[in-house]
Amino acid sequence: QVQLVESGGGLVQPGGSLRLSCAASGRIFSINAMAWYRQAPGKQRELVAFIASGGITNYADSVKGRFTVSRDNAKNTVYLSMKNLKPEDTGVYYCNAGYYSGTSFSPREYWGQGTQVTVSS
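All of the points below concern the structure found in this document. All figures in this text were calculated on a predicted structure; none of them were measured in a lab. (Residues numbered from 1 in each chain as written. Predicted model: local features only at pLDDT ≥ 70, side-chain atom pairs only at ≥ 80, totals over all residues. Heavy atoms only, no water.)

Right, let's get into the sheet that holds strand β8 (residues 77-82). Spatial ordering of the open sheet is given by β1-β3-β8-β7, a layout of four strands whose pairing is antiparallel. The outermost strands of the open sheet, each flanked by one partner alone, are β1 (2-7) and β7 (67-72). Shown here is a sheet whose adjacent strand axes are inclined to one another by a mean of 20°, direction ignored. Direction of pairing for β1 relative to strand β3 (residues 18-26): antiparallel, over a ladder of six bridges. Across the sheet, the residue bridging to Glu-6 is Cys-22, located in β3. (Pairing = 2+ DSSP bridges. Helix = DSSP H or I, 4+ residues; strand = E, 2+ residues; numbered from the N terminus. Axes fitted to C-alpha atoms, helices over the stretch in contact; angles between N-to-C directions.)

Relative to the helices and strands, Pro-14 is located in the loop between β2 (10-12) and β3. Looking at Pro-14, the relative accessible area reads 41%, which means it is partly exposed. Apart from the residues within four sequence positions on either side, Pro-14 is in contact with Leu-85, Pro-87, Val-119, Ser-120 and Ser-121. (Buried < 20%, exposed > 50% of the residue type's maximum accessible area, 1.4 Å probe, protein only. Contact = heavy atoms within 4.5 Å.)

What follows is the structure, given as structure tokens:
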């Protein structure tokens, strides 16, 4: 089992910034990538960004240039730095521990509890 705990969400005005954190524990040797998803009200959960072993990263088109995914291996923590936030970034952000095949990310059953991000004036 892998346990994930997210933090860092909140209310921010359009154009503002936030940094989310996801702390992992447990059988983390069983995964090789971590991802951030988000789910807006009434919409499906979507992949926002992931980071794989070797530092490979990938982003959804809607967040490229605004979001940065990074990790601190010593702390087993992954971050999502978000800037120039827009109202459409509003949603619950979830961390996932999964697998990167070399071409795509596949989520596994390990999810955090989610953290709410609200972008509003």
